[in-house]
Amino acid sequence: MIQQLESLPKERVGYFDTTHTGLVQYGNKDNIEGTKAVNWILDILSFGESDITNDVIEKKDYIVIRVACPVDVVVKKDGELLNSDLQNLSAETSFGVLDLLGENAEIKMMCLDDDDYEVLLHGTGEGTMDYTVSYFDADGNLKKELEFTDVLITDDMMIRTGTNQSELILHVDMDNDGAFDYEILPDGCEQEEKLVKISDTSYRYTESPIEIYYDITPHYGTVYQANVTVKNISDETIHNWELSFDLTDEITSIWNGTVTNGFDGVVVKNAQYNQDIRAGETISFGFIASGNETIQIPSEFALLNTESVTSQEQYDIIYTIDAENGIGYNASITITNISDRTLEDWKLEFDFEDEIANIWNAQIISHENDHYVVGNVEYNQNIEPGHSVVIGLMVEEGSIENMLENIILYTITGEIKQ
């Protein structure tokens, strides 16, 4: 904004040190500060210039805070405060201003002088919060930006933080009892503790590429229900997920997954319809378990989904020319599962001299020189025993004499991902 204004002709830009209310007061040129600005505007509109002297405005570094979620925000400094609570709204102080955006004022924007402030966030409903703090120099250039995304918000919870960019942490008090239950670092910063307690019945576990929320619902004696939400916090899809954790309580029923109970833990596998977790997305499963007098909370989770080479004894591949026109041709690749287990989340790698112009029932993951990597699409990611997948391809210009070479089939298996 400042840079855009300063690009205008000099006589068309004026700086006046005034308030919003002072700006609209009217009098004569020797009257109050706001009148200077009004009369300067009138002069410019009437005569194209003005002899009113601009105020000297000192440009400063500044901070912009954006909050999107069901919370009220209070910013404190030296007894002054900005407050987004509509019952106690305070939108302007000597150090900054507050704007409420959106139909229900769900977005709060604060522009503050560059300084250290105390910031309090008070939950007003259920949801998630995106919280961004941006640091600008006096010319409006962004120096640094820190973000917190998808922070769980519940009604009446409290979060305390500040604006010191080297110490920016969210201190979370889930039940508003004055004691902070856990801390959240900005996105991209490593958490010191993998498992943090949110409340007596809710925990969060973070270890890239996943973030897990583990919640215990009301229980009866030694029987309880657990709901587990797994978020992919990486920028790549997690294929064919399986999750192991150190729970020795017996799981008696489960939904949105299948379970294997072991001596020192359990493994929960996807239910096929929730097989992949795209970047930034979540899946959930739940179970009923029977334990001892106290509910056991897992302390370690491990994602099991390792890509491995499939033995050639488990599949057949047939390459067929389906049609030709003298210049190009259509062909198909048939992958048949001849093993007794499902081939899950398959990927095919091969060398091929001709250029594939179009492909169906698969997607080209990479193509470099004569080397191709193609992968499944959602509707054919699993090949059951005795079943086949047929990949169609079109070559606009090439030779039917060119064959697939150096073929390797990969699948995702339930092993610890290294």
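Not measured: the values here are computed from a predicted model.

Before going further, it helps to examine the overall build of the chain. Secondary structure summary: the chain contains three helices and 31 strands in total. Split into buried and exposed, the 418 residues of the chain put 40% on the buried side. Contacts spanning at least 24 positions in sequence make up 61% of the contacts within the chain whose residues lie at least 6 apart. Only carbon and sulfur atoms are counted for the fraction: they give 47% of the accessible area of the chain, which is about 23000 Å².

A few words now on the sheet that holds strand β4 (residues 96–101). The pairing of strands in a sheet comes from backbone hydrogen bonds and takes either a parallel or an antiparallel form. The five strands lie next to each other as β4-β5-β1-β7-β8, forming an open sheet whose pairing is antiparallel. Two strands in the sheet have a free side with no partner beyond their single neighbour: β4 and β8 (142–153). On average, adjacent strands in this sheet sit at an angle of 10° to one another, irrespective of strand direction. Across seven bridges, strand β1 (residues 62–68) lies against strand β7 (residues 127–136) in antiparallel orientation. Bridge assignment links Ile63 to a residue of β7, and that residue is Tyr135.

On to the confidence of the model for the chain, then. In this model, the chain carries an average pLDDT of 85, and 87% of its residues clear a pLDDT of 70 or more. With pLDDT under 50 throughout, residues 1–8 is counted as low confidence; its partners more than four residues away or in other chains account for eight contacts.

With that settled, the discussion passes to the pairing of strand β16 (residues 242–245). Neither face of β16 is exposed, since Glu242 and Ser244 on one face and Leu243 and Phe245 on the opposite face are all buried. In terms of strand pairing, β16 meets strand β19 (residues 266–269) through four bridges, oriented antiparallel. By the bridge assignment for β19, Glu242 is matched with Lys269. Pairing of β16 with strand β21 (residues 301–309) involves three bridges; the strand directions are antiparallel.

With that out of the way, let us pick up the sheet that holds strand β2 (residues 71–77). Sheet architecture is open: six strands sit in the order β3-β2-β6-β9-β10-β11, paired in antiparallel fashion. Here the strands that pair on one side only, and so sit at the sheet edges, are β3 (80–83) and β11 (182–184). Going from strand to strand, the sheet's axes swing by 20° on average, the running direction of each strand aside. Note that strand β10 (residues 170–173) and β11 share three bridges and pair antiparallel. Bridged to Leu170 within β11 is Ile184.

For Gly123, the location among the structural elements is in strand β6 (residues 118–123). Separated by 34 residues in the primary sequence, Gly123 and Met157 have C-alpha atoms spaced 5.0 Å apart. Among residues more than four places away in sequence, those in contact with Gly123 are Pro70, Val71, Ile153, Thr154, Asp155, Asp156 and Met157.

Now for the packing of aromatic side chains. Counted by the stated rule, this structure contains 13 aromatic pairs. For the ring pair Tyr214 and Phe287, a centre distance of 6.4 Å and an interplane angle of 55° mean the geometry is tilted. Of this pair, Tyr214 sits in strand β14 (residues 210–220) while Phe287 sits in strand β20 (residues 282–290), and the two are 73 residues apart along the sequence. For Tyr214, a relative accessible area of 2% translates into the label buried. Between Trp241 and Phe285 the ring centres are 5.9 Å apart and the planes differ by 15°, which places this aromatic pair in the stacked class. Here the residue Trp241 occupies a position in the loop between β15 (223–232) and β16, and Phe285 occupies one in strand β20, the gap between them amounting to 44 residues. Accessibility classification places Trp241 together with Phe285 in one group, the buried group. Aromatic ring contacts, followed pair by pair, group Tyr205, Tyr214, Phe245, Phe287 and Phe301 into a single cluster. The ring of Tyr117 is capped by Lys77, whose NZ or CZ atom sits 6.0 Å from the centre of that ring. Looking at Lys347, its charged tip hangs above the ring of Tyr410, at a distance of 5.4 Å from the centre.

Time to look at a negative patch on the surface. Residues Asp130, Glu145, Glu147 and Asp187 make up a contiguous surface patch of negative charge. Within the fold, Asp130 resides in strand β7.

Let us now look at the pairing of strand β27 (residues 363–368). Strand direction decides the pairing type here: β27 and strand β28 (residues 371–375), joined by five bridges, are antiparallel. Opposite Glu368, over in β28, you have His371 as the bridge partner. The turn linking β27 back onto β28 is made up of two residues, and Asn369 within it adopts a positive phi angle of 55°.

Basis of the calculations
Residues numbered from 1 in each chain as written. Predicted model: local features only at pLDDT ≥ 70, side-chain atom pairs only at ≥ 80, totals over all residues. Heavy atoms only, no water. Helix = DSSP H or I, 4+ residues; strand = E, 2+ residues; numbered from the N terminus. Buried < 20%, exposed > 50% of the residue type's maximum accessible area, 1.4 Å probe, protein only. Contact = heavy atoms within 4.5 Å. Areas by Shrake-Rupley, 256 points an atom, 1.4 Å probe, with all protein chains shown as cover. Pairing = 2+ DSSP bridges. Axes fitted to C-alpha atoms, helices over the stretch in contact; angles between N-to-C directions. pLDDT = per-residue confidence, 0-100. Phe/Tyr/Trp six-rings, centres within 6.5 Å; stacked < 30°, edge-to-face > 60°. Lys NZ or Arg CZ within 6 Å of the ring centre and 35° of its normal. Patch = residues over 30% accessible without salt bridge, like charges linked within 9 Å, V, L, I, M, F, W, Y side chains within 5 Å. Salt bridge = Lys/Arg side-chain N within 4 Å of Asp/Glu carboxyl O. Lys, Arg positive; Asp, Glu negative; His and termini not counted. Charge placed at Lys NZ, Arg CZ, Asp CG, Glu CD.

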